[in-house]
Every structure is written in C-alpha cells, then in structure tokens.
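Here are the chains, one letter per residue:
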Amino acid sequence: MRNFLQGLLTKDPRQRLSWPDLLHHPFIAGRVTILTESAGPDLGTPFTSRLPPELQVLKDQQAHRLAPKGNRSRILRQAYRHMAEEAKQKKHQNPGPALEQEDRTSKVASGTASLTRLKATPQEPSLLTGVLGSEMKSSWAEWRAGEAPPAPCRENWITQDCEQAFPELRPEVVGQQSLDAVDLENEEPGNDDAEWRHLLETTEPVPVQLKAPLALLCNPDFCQRIQSQLHEAGGQILKGVLEGASHILPVLRVLSSLLSSCGGDSVSLYSFCRGAGLPWLLLSLLRHSQESSSIQQQRWYGTFLRDLMAVIQAYFACTFNLERSQTGDSLQVFQEAADLFLELLGKLLAQPDDSEQTLRRDSLMCFTVLCEAMDGNSWTISRAFYSSLMTTQRAVLDGLLHDLTVPQLPFHSPPGAPEVSQPLREQSEDLPGALSSALAALCTAPVGLPGCWEAKAQISRHLANQLTEDSNQLRSSLISGLQHPILCLHLLKVLYSCCHVSEPLCCLLGQEPLALESLWKLVQGKVKVVDWEESAEVALYLLSLLVLHLQDLPSGMEKLGSEVATVFTHSHVVSLVSAAACLLGQLGQQGVTFDLQPVEWIAAATHALSAPAEVRLTPPGGCGFYDGLLMLLLQLLTQQGKGNPVRVVASSEMWTVLWHRFSMVLRLPEEASVQEEELSLSSPQSPEPDWTLISPQGMAALLSLAMATFTQEPQLCLSHLSQRGSILMSTLKHLLSPSFLHHLTQAPQGPEFLPVVVLSVCQLLCFPFALDVDADLLEGVLADLTDSEVTAHLLQVCRHHLPLTQAELPISLLTRLALSEPPSLNQFVSTVAACPTTTISFLSAALLGDQPLLTSDLLSLLAHTARVLSPSHLSFIQELLAGPDESYRPLRSLLGHPENSVRARTYGLLGHLLQHSGALRGALQSQLGLLNLLLLGLGDKDPAVRRGASFAVGNAAYQAGPLGPALAAAVPGMTQLLGDPQAGIRRNAASALGNLGPEGLGDELVRCQVPQRLLEVACGDPQPNVKEAALVALRSLQQEPCIHQVLVSLGASEKLALLSLGNQLLPRSSPRPASTKHCRKLIHLLRPTHNT
C-alpha cells in the first residue's frame, strides 16, 4: 500500500502512477471491478483516459503559452529597470566616459569583430532576441521582418561592468599585461557578450522544456555562428591569446546546455552537431591543447579544459549515439570520436602523476559517460570498443590501473595525526573517485544489456589476474578502500565484476580478513558511506558470490546469517531485501541455519513483491532480481521440522501478489487466447519478458515453488486452475506459447532451463486429471485449455524445443486433451498439416524410440484420430507407418515390439485404418511378411494384443477384395479365438469370421468347422454381445451354399428356435436382447421354402 500511495502522490506527472497502469499494481490488481457501461446519463467514467495526439498537442501549446517567459518575468523586468536607473545615474555623473563607451560599443557592433560574436545590428535583430520573442513571431523569416522586442537591451552591459570592476581586463590594458596575470577560473559565463548569457539561460535544462532550444537547433544561422565562433576562438587559444578564451567559454557552456536539454530530438540535435563541426572541433581543440606547452602554462587553461570536457561529455551522452536512435551516420561518427578520445585519454594517463589533476578527473568522468553510452549500444559496437581497450587502446586500461595504485592522501587520518582540512581532503579524493568510477564503469555489466557482457568480462579477467598476483599492490589498494565513504561503492563494483569471472580471486578474498570485515561492517551499517543502500546491496551480492565459489565458508560466516536475516525481514529497501534473500539462499545451501518465522518471511516477501523493483546490479550467476527471493522461499517452504508453512503461504496475500507480480514480469497479454491464435515461431508477437527481474533459472524456481505448494495443497491448485481467466492459469498457458518459448531460447541460460519450465508447467496442468474432480469442474478446465490451443503448443514444444527423452509428459497431456475434447484433436491434426515434414519426423522418432510409454500414448492418439476423423485427415498416419521408403519398416517394428502395450495399440490403430485405407490393404498383400505379422497377433499370449489383432483382421476382411484369398490363413486362428476367455476377443473373432464368408472362403470355413463353432457361441455364450456377433456372422455366412447346408444339417433352426423362445420367456420388465431380432431373421433364412 505504501508503494501504491507513493506512486499516486509523485509530483512529476510523467512518473506518477496513472490510469490505466494503476490497475496492474499488485496492491489492487484483480480487486477492482470496472463497469463497461456508463452508470447514468449524467455520470461519466470515474477514470481519466489518455489524451488523443491532437488534444495532447493543444495541451502542450497551452502549457507553453502559460509558462513564464525568460525575459518577461517580473524579476527580470525589475532587474532591467534597476540596471537602467543605475546606468542613467552613471551617465549623469560621468558623461564623458559614457559617451566614449557608447561610441566604442557602436564601433564594435558595426565592425568585423561582430562576426565572431552573436550581436545584433540595428538592421538585424539578434538571434536570441528573435528566439525568445517566439510568442510573437512563428518563424525565422517573421523574426527578421518583425519589430524589435519592446524591452530595451544593453548588449554589452556584462562586458562594461566587468571592465569597470576589473580594469586589467580592458583591451588596452590586456595588451600591456602578461597573459599569465589573467585568471578566468572564477569568471562568470558570458563576460564577453550578454547574448551568450541569455543563450545559456535559454538552453539550460529544466523539467519542462520550451521551444527556444529546439528553435536554436533548427536555425542555420545559429549553427554557422557557433562553428565560426569555435574556429576563430579556438585558433586564438592555440596561439595563446586571452581573447580567444574569453570568447569560447560562453560558446562551450551554451553548447553543453543545449546538448543536455535537447536530447529527445535526435534528428535535429545531430544535424546541428554536424553543421557545427562537432565533435571533431572539440577533440581537435583537446588534442592541440594537450600538445601545446605554452597553452598549458596559461592560468585560464583549467577553466577552458573544464568547459571543453563538459561539452564532449554532453556529446557522448546524446541519444543519437545509440543504435536504437541513430540518425544517418551518427553511429560511425560516434565510434570514430570514441577511438580518438581513447587515444587522447591514453596519452593523458601516460603523463607523470603530478600533471594536471583536474584534466585527469574531467577526462575520466567523460570516459565514464562514454562507457555508459557504449553499454546501451549493439553488441558489435560495444564489443569493438571494449576489445580495443585490451589491444590498440591498452594505454587507457594500464593508466587506470597505475593511477589507482598511486598513494593518495590517507582515507582516514590515523590517531594522533594532524587533521587534514576538508577542502584539501575533497580535492585529493576527486581523482581517486573519478578513477574508481571509470574502472567500475569499465567492468560492471549493465543490467538488461547483455551485448557487452562478454567484452567487459575480458577486461574483468585481465583485472582479476592483476589482483591475484602477489607482487601487485592493486588488491590491497582496493581492499583498503572498501571503508572509504566515497570510493567504497565503485571499488565494490570492481571487485564484484572481477569475482564474477575469477574463482581464484574469490578464494583470495575469502582469505582476506580485512575484506570480509569491511563487507560485514557494510551489511551491518557500521561503515558510513555516501550511498549505503547501494553499497550494502553490492556487498551482499559479493558475499553471495564468495559463498557460491568457496568450498569451505570462512570463519565467522555462520554468524552472518542472523545479521542478513535481520536485513531481509526489517529493511524497507526492496533491492536490499532481494540481495539479502540471495545471500540467505546461498548460506542455506551450505548448511547455515537462521531462525525465520513464517510470519516474518512471508511479510518480507510480500513487501518485496509489492513494491517496484529498482535493479541496479546483475545478481550472481546472471540471475534475475527476484531469483534469490524465489529460491529462498522454496527452501523455507520445503525445510523439515518447521510445521506446515505451505497452508499459511497458500492462504496469505503473498501468494496472490506473487502471481500478479510475475504476470507483469512476463508481460502477459490481456487477451492471451485471442492474441496467440496466430502466433508462430518465425514471428513472435508477444513482448519479451523482463529477464532482469526473473531469469530462466528463477522461472524454474517459481514453478518448483508452485509444485511444492500444490503437492501438499492440491485443492488450492484446483481452485486456481478451474477459475477461468485466473492469473495462475493464464501464466501457465503463456509459458507454453511459441512466443514465450522463442524468447526463452534467446535468453541467457534459456535453452538450459527450457525443458524444466515446460515439464513443470505440464505437471501442474496434469493435477486436475490426477485427482477426483467434479465432472463440471474438469470440463471447465478442458475448455479453457482448448480455447488457448494448448494442444497445438504442446506439439510445437516437443517438435522444436524438447529432446525426445523429455517429451513423454507433454505428449501424455496432449493425448489426454485430444481424447477428451474434439476441438483439441482438430488442433493436433491442423498443427501436423501446417508443418508436416518436421512433425512426421518427430512422430516417427518418438514411435520408434526406446520409450514405451511415449510410443503407447502416440499410438492411442493416432488410433483415436483414425477412429473419429474422416479419411482425408489420415494421410500422415499412413506416411508414418510406411516410412520414407514405403517399406513399412516402422509398422513392422511396432508389430514386433517387445512391449505388449505397444503391440496391442498398434493392432488397434491398424484396425481403425483398415476401415478406410485401401492402400494399407494393398500393402498387406504386396509387402512380404507384413500379413504374417498381422496374423501372428491372433496367437499372442497377451489378451490385449489378441483383441487388437482380431479387430484388425476383421476390418481387413471387410470388403477385402484382392486381399481376401490371402486371409484364408487367418481362419484357424480366428476359429480358435471363439473360445477365448475374453468376451471382447470372442466377439471380434465372430465378427471377423462373418466378414470372411463373402470373400470366397466357404470351403475353408467349413473345413475348420466355423459354422458349428459359431452356432455353439450363438446358443451358449454367456455374453449377449458375443451371441449377437455370432448370429450376425451366421446370417452373413449362410449365404454360401456349402455353409447353408451345414447349418441345416446341424439343426440350426431348432436350436435357434429354443434360443428365441428363451428370450420370449423373459419378464416383460426386462429389456429384450438385441440378438432376438437376428435370431428370428436367421431362422427365417434357414427354412427350406426360403432356400428354394
């Protein structure tokens, strides 16, 4: 609730939680009922909706019109009035100098020197005046043709005031004094020209950007003047002329503000930079200033370099340097500029340690920004950049490591030592802070941007090798800085990145008492650092990494469990709770015990899952933000001797919040069943899950948590799965969709955990079929799964993602769905038809594999398909049994399979196919030995095999055609099956013998005494359905003259009359057997008159 209220009360409207996003917040998700119709004619919807684009434009224009204007505000008008009064008083007091000053100003304004400054002539209003007057004029042409702004502007008042305050800065004095006597370090921006000051104010970044900065970007005159000013002032600087420094400083500061404030308009900003010659002019100035010793001796050199580096840093931070926002050749220019900057930085870091410290600091800060820009680019660009630091630009990396080991002022004054003044301490810590920040940016893997991870890992390995050398002082320098208030966070990130790729370094740190002590103190909050929350988070993750790699825990680590448990249960910072859970999970796997009561850890987990996640660092092993929490919950839920926390968890708010949170992490579609109808592997349409929050490993842990809960509380599983549209059911179905599985295969470690995820989902979906469930409830579950095309998804999963050894459970679930719901069976056949080659290849491999259960399920599925669907849908089954060379090797292998269940279901499948397939009858006739395999099943020891074989032979005999004579070999076996103990086998045998009569096998049937046996079965079998099958067979066979004579000679009419009389003597309340009709009809057919 706290996070929900905080989101509603956020001051910034762009960050405020608004409709409809607030409905997905875990605090109210699923608890708000939305009326689709208006409550009444006078009542609208209680929620606001997003404005359409045209209304949004009008709103922005209104905000711009009502916003305070830079030179129209009350404060500025009072300042202008006050300055005008002061100028008037000075004019009356000293009219001579004032006239001379005005005369000098007019000469400068009309001379050639005005080309190097943004000043206005009486005929041409100044560019800045026109831009700031944009409320009256809408275009540059109108600004040029329009009237001058009403407010008078003294263009040189800053210059005049500076000259009055500092006489040594007057031009005539500057020519007489040495340049070394001039110091621009504390000079205010724009001392050369008032208009540059206005430009600086106009372009200064503010939360609500107005049109003035964008208007400057689109103005070619402004761009040309900037370039001209940079060229001319830069040339003067290279010659050591002070005037160049005074002219270029305002330009640099305006450029820095402009690049920072217009980052959203990449096209206009990059066009402006190209027109202004950026970044080559800036880098050229930086290179020449480094190579010129005369320039470096000037007192204004530091100010100039500071502003120059600020512009370069702002340029590297522009969005057009990213691949997703590239404009034209911006990426190529960015790469070339980055290479040139690295070359300059390498030369700078190679200079003596006592060289310009400020330049080193600013350059390193710029390098940090450059690394952040590279992290957001594609893997090709970032890999080339970071790889160059190991090859062509190795001087930068070596310089960073060398400078970091140079002794600095002590971080903490030893007892009895004189106190170091705070300014001196801050100055001494500027460079180490920039060094550690740059090194951290170089090593730390950015969250959610895996493209540069491998290249950064190479740098981390190199640094880790340096840290593991005994002769190297770098490790001691890093460890000693872990308790420094400023350097701590950056050094922690460096060590964490290096330990990620170096197990030997983990072992060394585990043996460093100072390192472990510093980490423990950070976790306990005993070290005062600038950002304790983030530092403690990195320390917890670093400890988790050490526990993961160390075989034996360092001494004292067991006691840390209680401290970390306190952080987990009492901290309100979600990132700390997540990091503490990660460490507790690792400690628990090492056998460390910590006392956590269910009420405590359930409350902590609920808070961590409810509040927004601020992911600042990739957890150990590439895990997601919530992975450690899920693994800890799984440990706590399954540990022995803690009562039954499963019931408490299942009935708590945490269980609901858990699934709501992960539906958001997965970016679950609102209408999954509709959106996923057309999904295919080649064109995934659903958004990619946020792998920074949960990794494939965390997804497996979540499903294991669900399995552990539902195994002990199965009714809870039913309540979730039977509720149509529930979060749990929607999540499980989404995890089987082709779109999610496509994203999972592309994720780090995704292919490794994909089988675990799929099998866990299938196990959860099998719960309703394994329990005693109400028929209506089960029907609802089946309908939900059918509507989501789970059957098709299961076949696609097995076909594309799972090894054959793990396809048994998904195929079993698929078979159950297809046998229960006709639409599911249609989905199966449609999926096969959509991709027949790969599907038949998979089914063939599964049928011929060494997994009897998998083969049996598939045969049941195929048999049901052949029984229910029309012959037009069965061609793929024929192709499966025939094999690619049509030798029917797969069918032969299945008929001779050692497993009884496989042979039985193969015969059953043949029986259904032989009802329709003439091609299969032809194969039985033409393929040598195939019919013998079919008949061999009639004498099988297994009853299920005999039943399937008799069914198949009977259907083969029906309208056998050319196959009929070959079926004479089946008559002895069928006759013998009339006495089988299984009623179903006797029925199939009787029906099959009846089908053989019309095929010209009468003599063979008489020879095997088939009429006598059928008559005995018809009169004496205890099963009514067997009697009926025998009577039907006799009706068919009596058409053969030889068989008719045998039946008459046996007195069949009298025997059948007794049977019919027995049926008539049954009580009227008893139903009449179906055999009665057949009995009367057969008696009629056997009469001599009928025969005549």
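Residues numbered from 1 in each chain as written. Predicted model: local features only at pLDDT ≥ 70, side-chain atom pairs only at ≥ 80, totals over all residues. Heavy atoms only, no water.

Take the overall build of the protein next. A tally of helices and strands in the protein yields 61 helices and zero strands. Sorting the 1092 residues of the protein into buried and exposed places 50% on the buried side. Counting only contacts in the protein whose residues sit at least 6 apart along the sequence, the fraction spanning at least 24 positions is 73%. (Helix = DSSP H or I, 4+ residues; strand = E, 2+ residues; numbered from the N terminus. Buried < 20%, exposed > 50% of the residue type's maximum accessible area, 1.4 Å probe, protein only. Contact = heavy atoms within 4.5 Å.)

Now for the packing of aromatic side chains. Here the structure, examined in full by the defined rule, presents 16 aromatic pairs. Consider the rings of Trp300 and Phe304, whose centres lie 6.5 Å apart with planes at 80°: the pair is edge-to-face. Assessed through its relative accessible area of 0%, Trp300 is described here as buried. Assessed through its relative accessible area of 1%, Phe304 is described here as buried. When the centroid spacing of 5.5 Å and the interplanar angle of 65° are considered together, the rings of Tyr315 and Phe320 count as edge-to-face. Under the relative-accessibility criterion, Phe320 is labelled buried at 0%. Within the aromatic cluster, the residues linked to one another by ring pairs are Tyr270, Tyr315, Phe316, Phe320, Phe334 and Phe341. (Phe/Tyr/Trp six-rings, centres within 6.5 Å; stacked < 30°, edge-to-face > 60°.)

This part takes up unusual backbone geometry. In the segment running from Leu278 into Pro279, the intervening peptide bond is cis, with an omega of 5°. Relative to the elements of secondary structure, Pro279 occurs in the loop between helix H13 (266–275) and helix H14 (280–291). With a phi angle near 65°, Gln749 is a residue other than glycine that sits in the positive phi range. Its location among the elements puts Gln749 in the loop between helix H38 (738–746) and helix H39 (750–765). The backbone of Gln1009 sits at a positive phi, close to 55°, despite the residue not being glycine.

For the rest of this paragraph, the subject is the pattern of salt bridges. Counted according to the given criterion, the structure contains 19 salt bridges. Two residues, Glu512 and Arg475, come together in a salt bridge whose shortest N-O distance is 3.4 Å. Of the two residues, Glu512 is situated in the loop between helix H25 (503–510) and helix H26 (513–524) and Arg475 in helix H23 (residues 474–480); the sequence distance between them amounts to 37 residues. For Glu512, a relative accessible area of 23% corresponds to the partly exposed category. The partner of Glu517 in a salt bridge is Lys521, with the nearest N and O atoms 3.0 Å apart. A residue pair is termed a helical-turn pair when its members lie 3 or 4 positions apart in one helix, as Glu517 and Lys521 do in helix H26 at four residues. (Salt bridge = Lys/Arg side-chain N within 4 Å of Asp/Glu carboxyl O.)

Here we come to helix H30 (residues 598–610). For H30, which comprises 13 residues, the first-to-last C-alpha distance of 18 Å matches the rise-based estimate of 18 Å (1.5 Å per residue) to within 8%. Listed as buried for H30 are Trp601, Ile602, Ala604, Ala605, Thr606, Ala608, Leu609 and Ser610. (Expected span 1.5 Å × (residues − 1).)

What follows is about the nonpolar core. Phe341, Phe367 and Phe568 are the most contacted members of the largest nonpolar core, which has 311 residues in total. Ranked by residues supplied to this core, first place goes to helix H17 (residues 330–349) with 12 residues. Residues in contact with Phe367, not counting those within four places in the same chain, are Phe341, Leu342, Leu345, Phe385, Leu389, Val396, Leu400, Ala438 and Leu442. (Core = buried A, V, L, I, M, F, W, Y, C linked by side-chain atoms within 4.5 Å.)

This paragraph deals with a negative patch on the surface. Residues Asp772, Asp774, Asp776 and Glu779 make up a contiguous surface patch of negative charge. Mapped onto the elements of the fold, Glu779 is located in helix H41 (residues 775–787). (Patch = residues over 30% accessible without salt bridge, like charges linked within 9 Å, V, L, I, M, F, W, Y side chains within 5 Å. Areas by Shrake-Rupley, 256 points an atom, 1.4 Å probe, with all protein chains shown as cover. Lys, Arg positive; Asp, Glu negative; His and termini not counted. Charge placed at Lys NZ, Arg CZ, Asp CG, Glu CD.)

Compared with an ideal rise of 1.5 Å per residue, which puts 19 residues at 27 Å, helix H11 (residues 220–238) spans 27 Å between its outermost C-alpha atoms and is within 8% of the ideal. Among the residues of H11, those classed as buried are Phe222, Cys223, Ile226, Gln229, Leu230, Ala233, Gly234 and Ile237. Taken down its axis, H11 places every buried residue within 125° of arc, on the same side. Exposed residues on H11 whose side chains face more than 90 degrees from its buried face are Pro220 and Gln224. Positioned one or two residues after H11, Gly240 has a phi angle of 80°, which is positive. (Arc of directions from axis to C-beta.)

Let us look at the confidence of the model for the protein. Per-residue confidence for the protein gives a mean pLDDT of 78, with 75% of residues at or over 70. Between residues 68–76, whose pLDDT stays under 50, and residues either more than four places distant or in other chains, the model counts nine contacts. Counting contacts from residues 206–210, a segment whose pLDDT is below 50, to residues more than four positions away or on other chains yields five contacts. (pLDDT = per-residue confidence, 0-100.)

Bringing the environment of Pro898 into the picture now. Following the sequence through the fold, Pro898 ends up in the loop between helix H48 (889–895) and helix H49 (900–913). In this structure Pro898 comes out as exposed when scored by relative accessible area, which is 70%. With 46 residues separating them along the chain, Pro898 and Pro852 place their C-alpha atoms 9.3 Å apart.

Next up on the list: the packing of helix H22 (residues 453–468) against H25. Taken N-terminus to C-terminus, the directions of H22 and H25 make an angle of 40°; their axes are 9 Å apart at the nearest point. Relative to H25, the element H22 lies oblique. Crossing of H22 against H25: the hand is left-handed. Along the contact surface, H22 presents Ala464, Leu467 and Thr468, while H25 presents Pro504, Leu505 and Leu508. Residue classes in the contact of H22 with H25 are distributed as five nonpolar, one polar and no charged. (Axes fitted to C-alpha atoms, helices over the stretch in contact; angles between N-to-C directions. Parallel < 35°, antiparallel > 145°, perpendicular 65-115°, else oblique. Left-handed = near helix turned anticlockwise from the far one by under 90°. Nonpolar A, V, L, I, M, F, W, Y, C, P; charged D, E, K, R; others polar.)

Our next topic: the environment of Cys443. Take Cys443: it is sitting in helix H21 (residues 422–443). Cys443 gets classed as buried once you look at its relative accessible area, which sits at 3%. Distance in space between the C-alpha atoms of Cys443 and Gln458 is 9.0 Å, their sequence separation being 15 residues. Discounting residues that sit within four places of it in the chain, Cys443 has contacts with Lys456, Ser460, Leu463 and Ser497.

Once that is clear, we can look at a nonpolar patch on the surface. A cluster of nonpolar side chains, contributed by Leu5, Leu8 and Leu9, occupies part of the molecular surface with about 290 Å² of accessible area. On the secondary structure map, Leu9 appears in the loop between helix H1 (2–8) and helix H2 (53–66). Judged by relative accessible area, which is 71%, Leu9 ranks as exposed.

This brings us to the side chain of Ser535. Its place among the elements puts Ser535 in helix H27 (residues 532–549). Its relative accessible area of 1% is what places Ser535 among the buried residues. Sequence-distant contacts of Ser535, that is, excluding residues within four places in its chain, are made with Cys488, Leu489, Leu492, Leu522 and Val529.

Let us now look at the state of the cysteines. Taken as a whole and assessed by the stated rule, the structure comprises zero disulfides. You can see Cys498 has no disulfide; the closest cysteine sulfur is in Cys443, sitting 5.0 Å from it. Under the relative-accessibility criterion, Cys498 is labelled buried at 0%. Here Cys507 stays unpaired: no disulfide links it, and the sulfur of Cys506, its closest cysteine neighbor, is 6.8 Å away. (Disulfide = S-S within 2.5 Å.)

By the element assignment, Arg394 lies in helix H20 (residues 394–405). The spatial distance from the C-alpha of Arg394 to the C-alpha of Leu342 is 9.4 Å, given a sequence separation of 52 residues. Excluding its chain neighbours within four sequence positions, the residues that come into contact with Arg394 are Ser388, Leu389 and His462. At 3.4 Å, the side chain of Arg394 forms a polar contact with the side chain of His462. (Polar contact = N/O pair within 3.5 Å; in protein donor to acceptor, adjacent residues only side chain to side chain.)

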